[in-house]
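A look at the structure
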Amino acid sequence: MKRLLIIRHAHAELANHDISDLERPLSDKGERDARFLSELLRDQYPDRLDLILTSPACRAVRTAQILAQAIGFDEQNIQFRDQIYCSGMEELFNLICYTDDSISSLMLIGHNPQITFLANHLSPCSIETIPPAGAVILDFDIDSWSRLFGKKAVSHFVINPDKF
């Protein structure tokens, strides 16, 4: 069994010409929502998390740090992947499929619309959009990430912080 947690970074400050898109930090709301999501994940999914992959964008990195702290994941082991920031759904899918099989539980933190496309590709149900600090948790009846091709999750759970 493999578990994939697809997370959209929390709400960021609005874009402006003073900083690049990569440097946009979380807003105050984003900080609060990321903490809320981290508490939900800690309480609902207390199982060990093996790996966190995140976009190198500041807002995604900060979201990853907040989540890692709450669930007891060593922040030094968070891995940054440029393709999560600048690639399409197919590249994200391939990134997951090439994950080492010793990893049973993988968290991917990224950006819309790519992560919503990815979630819809893998989920048995349609997801309109993953909101900021939202999550889709997918379980797959596979023993190797490479067997993800053509598979849909056997179970899923969607977290929308705006609904709580």
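All of the points below concern the structure found in this document. (Residues numbered from 1 in each chain as written. Predicted model: local features only at pLDDT ≥ 70, side-chain atom pairs only at ≥ 80, totals over all residues. Heavy atoms only, no water.)

**Quick notes on the overall build of the protein**
Counting its regular elements, the protein contains 5 helices and 6 strands. In sequence order, the secondary structure elements of the protein are arranged as β-α-β-α-β-α-α-β-α-β-β. In terms of C-alpha radius of gyration, the protein reaches 15 Å, essentially the compact-globule figure of 15 Å for 164 residues. Across its three principal axes, the protein shows a C-alpha extent of roughly 45 × 30 × 30 Å. Sorting the 164 residues of the protein into buried and exposed places 50% on the buried side. (Helix = DSSP H or I, 4+ residues; strand = E, 2+ residues; numbered from the N terminus. Rg over C-alpha atoms; globule rule 2.2 N^0.38 Å. Buried < 20%, exposed > 50% of the residue type's maximum accessible area, 1.4 Å probe, protein only.)

**A word on helix H2 (residues 58–71)**
Residue pairs spaced three or four apart in an α-helix point in one direction, given the helix's 3.6 residues per turn. Spanning 14 residues, H2 covers 20 Å between terminal C-alpha atoms, matching the ideal 20 Å at 1.5 Å per step. Among the residues making up H2, those that are buried are Arg 59, Ala 60, Val 61, Thr 63, Ala 64, Ile 66, Leu 67, Ala 68 and Ala 70. Tucked into the core, H2 has its buried residues touching strand E1 (2–8), helix H1 (28–44), strand E2 (51–54), strand E3 (79–80), helix H3 (82–86) and strand E4 (105–110). (Expected span 1.5 Å × (residues − 1). Contact = heavy atoms within 4.5 Å.)

**What to know about the environment of Leu 108**
Among the structural elements, Leu 108 can be located in strand E4. Spatially, the C-alpha atoms of Leu 108 and Gln 79 are 9.8 Å apart, while their sequence positions differ by 29 residues. Sequence-distant contacts of Leu 108, that is, excluding residues within four places in its chain, are made with Leu 5, Ile 6, Ile 7, Leu 53, Ile 84, Leu 95, Ile 115 and Leu 118.

**Things to note about the pattern of salt bridges**
The full count for this structure, using the stated rule, is 9 salt bridges. When the shortest N-O distance is used, the salt bridge between Asp 21 and Arg 24 registers 2.9 Å. Owing to a relative accessible area of 31%, Asp 21 belongs among the partly exposed residues under this scheme. Asp 43 is paired through a salt bridge with Arg 42; the nearest N and O atoms lie 3.5 Å apart. You can call Asp 43 exposed: its relative accessible area is 52%. Overlapping salt bridges, with partners in common, bring together Asp 21, Arg 24 and Arg 59 in one network. (Salt bridge = Lys/Arg side-chain N within 4 Å of Asp/Glu carboxyl O.)

**Considerations on the nonpolar core**
Membership of the largest hydrophobic core comes to 26 residues, with the highest contact counts inside it found for Leu 4, Ile 6, Leu 106, Leu 118, Leu 122, Phe 140 and Leu 148. Within the residue set of this core, elements represented by two or more residues are E1, E2, helix H4 (89–97), E4, helix H5 (114–122) and strand E5 (135–140). When residues in this core are grouped by element, the largest group, 5 residues, is from H4. Beyond its immediate chain neighbours, meaning those up to four positions away, Leu 106 contacts Arg 3, Leu 4, Leu 5, Leu 49, Leu 51, Leu 53, Ile 96, Thr 99 and Trp 145. Membership of the second largest hydrophobic core comes to 19 residues, among which are Leu 41, Ala 68, Ile 109 and Ile 137. (Core = buried A, V, L, I, M, F, W, Y, C linked by side-chain atoms within 4.5 Å.)

**Some points on the sheet that holds strand E6 (residues 155–159)**
Spatial ordering of the open sheet is given by E3-E2-E4-E1-E5-E6, a layout of 6 strands whose pairing is mixed. Of all strands in the sheet, those with a lone pairing partner are E3 and E6, marking the two edges. Here E1 pairs with E4 via 6 bridges, running parallel. Its bridge partner being in E4, Arg 8 is matched across the sheet by Gly 110. In the packing of H2 onto the sheet, the strands contacted are E1, E2, E3 and E4, and the crossing angle to E4 comes to about 150 degrees. (Pairing = 2+ DSSP bridges. Axes fitted to C-alpha atoms, helices over the stretch in contact; angles between N-to-C directions.)

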